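Residue-level structure breakdown
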Amino acid sequence: MAAEIAQPYPSAEVASDTLVDVRNLKVHFPIRGGLLGRTVASVKAVDGVDLTIKRGETLGLVGESGCGKSTLGRAVLQLVKPTDGSVIFEGTDLTRTSYGTLRRMRADMQMIFQDPFSSLDPRFTVGRIISEPMVNFGRGTSQEREARVKELLQVVGLNPAWVHRYPHEFSGGQRQRIGIARALALNPKFIVADEPISALDVSIQAQVLNLLADLRDQFNLTYLFIAHNLSAVKHVSKRVAVMYLGHIVELGSGDDVYANPQHPYTIALLSASPIPDPELELTRKRIILTGDVPSPVNPPSGCPFHPRCWKAQAICREVAPPLEEKRPNQIAACHFPGA
Amino acid sequence: MTEKLLEVQNLRTHFFTRTGVVKAVEDVSFYLEEGETLGVVGESGSGKSVTSLSIMRLIDKPGKIVGGKILFKGEDIAEMDEDRLLQIRGGKIAMIFQDPMTSLNPVLTVGFQIAEAVKTHLKLDDKAAMNRAAEMLERVRIPEARRRLNHYPHEFSGGMRQRVMIAIALSCNPQLLIADEPTTALDVTIQAQVLELIKGLSKEFRTATLLITHDLGVVAGTCDRVVVMYAGRVVESAPTHTLFKKPAHPYTQALLQAIPRPDEPPGSRLHAISGQPPSLINLPAGCPFAPRCVKAQARCRQELPPLETKGAGQMAACFYPY
Ligand SMILES: Nc1ncnc2c1ncn2[C@@H]1O[C@H](COP(=O)(O)OP(=O)(O)OP(=O)(O)O)[C@@H](O)[C@H]1O
Ligand SMILES: Nc1ncnc2c1ncn2[C@@H]1O[C@H](COP(=O)(O)OP(=O)(O)OP(=O)(O)O)[C@@H](O)[C@H]1O
Ligand SMILES: [Mg+2]
Ligand SMILES: [Mg+2]
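Bear in mind the structure is a predicted one, so any value in this text is a computation, not a measurement. (Residues numbered from 1 in each chain as written. Chains lettered and ligands numbered in written order. Predicted model: local features only at pLDDT ≥ 70, side-chain atom pairs only at ≥ 80, totals over all residues. Heavy atoms only, no water.)

Re the coordination of the magnesium ion (ligand 3)
Where we set the bar: We call an atom a donor if it is N, O or S and sits within 2.8 Å of the metal, or 3.2 Å for Na, K and Ca. Water is not counted, so some sites may look partial. Strands are runs of DSSP state E lasting at least two residues, helices are runs of H or I lasting at least four, and both sets are numbered from the N terminus onward.
Listed as protein donors to the magnesium ion (ligand 3) are S70 of chain A (OG) and Q114 of chain A (OE1); their distances from the metal cover 1.9 to 2.2 Å. Residue S70 of chain A is located in helix 1 (residues 69-76), and its partner Q114 of chain A is located in the loop between strand 6 (109-112) and helix 3 (126-136); the two are separated by 44 residues in the primary sequence.

Okay, here's the thing in structure tokens:
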């Protein structure tokens, strides 16, 4: 199916194999208070993240709800302005480049939004929603765009005859696929896929994951793949990053991270992943995290996970553990890593 | 036989669109007992949300419930007047919507929205209602719940909004909870806690839960029975263990095969069901799954298989099950 998608860039650039390089990225949302609306504190949604994503790679990103995954994804694409740090995309620092350059580069970087409901404008037909990026970037004639929309609908498993329908006429999973079609419209090089499969049944999940893999293989597409479904993440990503309270706390190959998690938060996360087998579900051991979920406004001292960690010692309350190699090619931020 | 808490009988909900009648729900029947959790799984677009919205009588034009009964403690919701509906909706029957943003009001603080719900149904005063709101936010593990009461929905992450909705739905101790993909935006640790919360409710208040989800792991861990939908119809219903061990309908079998397994090598092909689901405007004659079914015979393309008992507690709509 994907073979029909034309490649607009005859991959001429002989660049290094790093496509995206994120350095010390921070996003703090101000909290205003008092009569004058002065900034009284800030939500440290992303608090110093370093990441590189290679060309043609799918990097999985998992972590607790509210830990900053979507904000990180948005900041990488400059959909929210970083407070600090840089994002280097094909050699250009997006945080410092001119508006014009950024606008031009946007065609190469797309986002599949987490919420399939509010990210589609209810006033527009599906055809218009999917063709909008092409219109914005002046791609194709209106006939070509129409043909492309139909092709994209087919690619994501929707009926091309539905182009004239409005978002509210679609189910949750159908809307999610409209968002995917829109993100693919410009043949981008890099896609931040924020929970792209959460509203899909497993068969269509499989179809979409297969499709993303095909596009990656054919066009060397690169993904930052954010998801809560750990088996799906492992399936599509060679490397997986685990985020906690604005920080990356572990990163390594999916095999290593899942088989030998180093950070206790990763261990807890893996233990809570539901298993599609009622008998195993009955007998499995699950680590239920106790303690309060910390706030990104007043993060705990030392290691951000220490108030909920069953291994925490005095040092964890005082010294923030650096993100360093604990096993070959597997980094984690923990004073007492491993099982 | 004891009276069921909820009994949906031959429900049909259609959308009358310019291009034709979309038969989103076509002859759906199931029941729920007190304290029970019934999972609903199925193809995206198969009518799960429309079924649950029908139970809440929240189907708007051009949609309409065109047939069937929705008996809640013997009273037919399909026939209820608006006053009676307002009394039970949000109180005795609560719903967690698939779409958190359209059900949260963007211009009202989260605290106000939860307090409003409990004031109406639990008859609490302002202060008690706000306290209840803070307590509920804590129970769904929102950090610094009390401070968060004054925040607006857009200041929350996707999963936090979903938890706010869960807090609203659970705040009035409903007898029936309809949860449409309640945990899709949650990480697995918080998902586990939210599911525990719902389980606790079913123990404490004998709340019955209709749990719509795509996550078969969640089904395995939380549901007593499961209903499988395809193209607006129930194609199988069975106790959870039976469904996973001995699925009768080829669609159920294909669905279970599509799950990514942790032991598979990364990057291997997943087993998607080939072909497209049928158009709900022009349903094919015969079994709606026949065009994609590996076992389909001539008969399947001509006759609609009825939903019949195939094993203990297990029903399926298939001529050639297992
Ligand atoms: N516009 C905003 N204003 C203030 N705070 C915000 C804003 N957007 C996000 N936040 C806060 O930043 C933190 C991170 O949010 P983010 O949406 O990145 O989380 P997430 O990891 O994607 O969570 P989820 O898995 O629930 O989607 C949260 O505490 C959230 O409340
Ligand atoms: N307002 C509407 N007008 C026309 N068709 C509609 C409308 N609302 C829903 N539908 C159609 O009804 C069918 C059932 O939709 P529903 O939302 O119940 O699916 P679902 O099973 O909940 O799917 P998902 O798992 O993707 O949420 C879909 O095919 C959808 O396109
Ligand atoms: Mg998010
Ligand atoms: Mg739905």
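Picking up where we left off.
Some remarks on a nonpolar patch on the surface
Residue and element names in this part refer to chain A. We count it as follows: Distance thresholds for patches are 9 Å for like charges and 5 Å for nonpolar side chains (Val, Leu, Ile, Met, Phe, Trp, Tyr), applied to residues having over 30% relative accessible area and no salt bridge. Under the convention used here, a 1.4 Å probe and the Shrake-Rupley method define accessible areas, while residue burial counts only the protein chains that appear. Put simply, a salt bridge is a Lys or Arg side-chain nitrogen that is within 4 Å of an Asp or Glu carboxyl oxygen. We call a residue buried when its accessible area falls under 20% of the maximum for its residue type, exposed when it is over 50%, and partly exposed in between, using a 1.4 Å probe and counting protein chains only.
A cluster of nonpolar side chains, namely I315, V319 and F336, defines an oily patch on the protein surface of about 220 Å² accessible area. Inspection of the secondary structure puts V319 in the loop between helix 11 (314-318) and strand 11 (324-327). Exposure remark for V319: the relative accessible area of 39% places this residue in the partly exposed category.

A short note on the pattern of salt bridges
Pairs can form between side chains of opposite charge whenever their charged atoms are close. By the definition in use, this model includes 31 salt bridges over all chains. Measuring nitrogen to oxygen at the nearest pair gives 3.8 Å for the salt bridge that ties E135 of chain B to R139 of chain B. Of this pair, E135 of chain B and R139 of chain B both sit in helix 5 (residues 126-139), four residues apart, which is roughly one turn of the helix. Shared partners join several salt bridges into a network, and the residues in it are R55, E90, D108 and K189 of chain A.

Here we look at the site of ligand 2
This is how the line gets drawn: The near set for a molecule or strand comprises every residue that places at least one heavy atom within 4 Å of it. Think of a polar contact as two N or O atoms within 3.5 Å of one another; within protein, one of them needs to be a possible hydrogen donor and the other a possible acceptor, and neighboring residues in sequence only count if both atoms come from side chains. Residues are grouped as follows: Ala, Val, Leu, Ile, Met, Phe, Trp, Tyr, Cys and Pro are nonpolar; Asp, Glu, Lys and Arg are charged; every other residue, Gly included, is polar.
Neighbouring residues of ligand 2: 22 residues in total, closest S171 and G173 of chain A together with S44, G45 and S49 of chain B. Around ligand 2, the nearby residues trace back to chains A and B. A distance of 2.7 Å separates an oxygen atom of ligand 2 from a polar side-chain atom of S44 of chain B. The fraction of the free accessible surface of ligand 2 (640 Å²) that becomes covered by protein chains is 94%. At the level of secondary structure, the elements contributing two or more residues to the shell around ligand 2 comprise helix 5 (172-184) of chain A together with strand 1 (6-17) and helix 1 (48-55) of chain B. By residue class, the composition of the shell around ligand 2 is five nonpolar, 13 polar and four charged.

Describing the interface of chain B and chain A
Rule in force here: By definition in these notes, contact holds between two residues if any of their heavy atoms fall within 4.5 Å. Take the accessible area each of two parts loses on contact, using a 1.4 Å probe, and add the two losses: that sum is the buried area.
Contacts between the two partners involve 59 residues from chain B, matched on the other side by 63 residues from chain A. For the pair chain B and chain A, the two sides together bury roughly 4,800 Å², of which 56% comes from carbon and sulfur. Connecting chain B to chain A are three salt bridges. Where K245 of chain B meets E279 of chain A, a salt bridge forms, and the shortest distance between an N and an O atom there is 3.1 Å. Where chain B touches chain A, the interface holds 17 residue pairs in polar contact (both at pLDDT 80 or more). Within the residue set of the side of chain B that touches chain A, elements represented by two or more residues are helix 7 (158-170), helix 8 (188-205), helix 9 (216-222), helix 10 (240-245) and helix 11 (250-257) of chain B. For the side of chain B that touches chain A, the leading source of residues is helix 8 of chain B, giving seven residues. Classifying every residue of the side of chain B that touches chain A gives 23 nonpolar, 21 polar and 15 charged.

Focus: the site of ligand 1
Residues in close proximity to ligand 1 total 22 residues, the closest being S65, G66, S70 and T71 of chain A together with G159 of chain B. Each of chains A and B places residues near ligand 1. E155 of chain B has a polar backbone atom sitting 2.8 Å from an oxygen atom of ligand 1. Summarising the interface, the protein chains cover 89% of the accessible area of ligand 1, which totals 640 Å² for the free molecule. Secondary-structure elements contributing two or more residues to the shell around ligand 1 are strand 2 (38-54) and helix 1 of chain A together with helix 7 of chain B.

Comments concerning the packing of helix 3 of chain A against helix 4 (residues 142-155) of chain A
Residues and elements named next belong to chain A. Note the cut-off: For helices, the axis comes from a line fit to the C-alpha atoms of the stretch in contact; other axes are also lines fit to C-alpha atoms, and the angle between any two N-to-C directions lies between 0 and 180 degrees. Orientation categories follow fixed angle ranges, with anything under 35 degrees roughly parallel, anything over 145 roughly antiparallel, 65 to 115 roughly perpendicular, and all other angles oblique. Take the far helix as your reference; a near helix turned counterclockwise from it by less than a right angle gives a left-handed crossing, and one turned clockwise gives a right-handed crossing.
Direction vectors running N to C along helix 3 and helix 4 enclose 120°, while the axes themselves pass 9 Å from each other. With respect to helix 4, the axis of helix 3 lies oblique. Of the two possible hands of crossing, helix 3 and helix 4 adopt the one that is right-handed. Counted together, V126, G127, I130, S131, M134 and V135 of helix 3 and R145, R148, V149, L152 and L153 of helix 4 form the full contact between these two elements. Considered class by class, the residues forming the contact of helix 3 with helix 4 number seven nonpolar, two polar and two charged.

It is worth stressing that arrangement in space is one thing and function is another; only the former is reported here.
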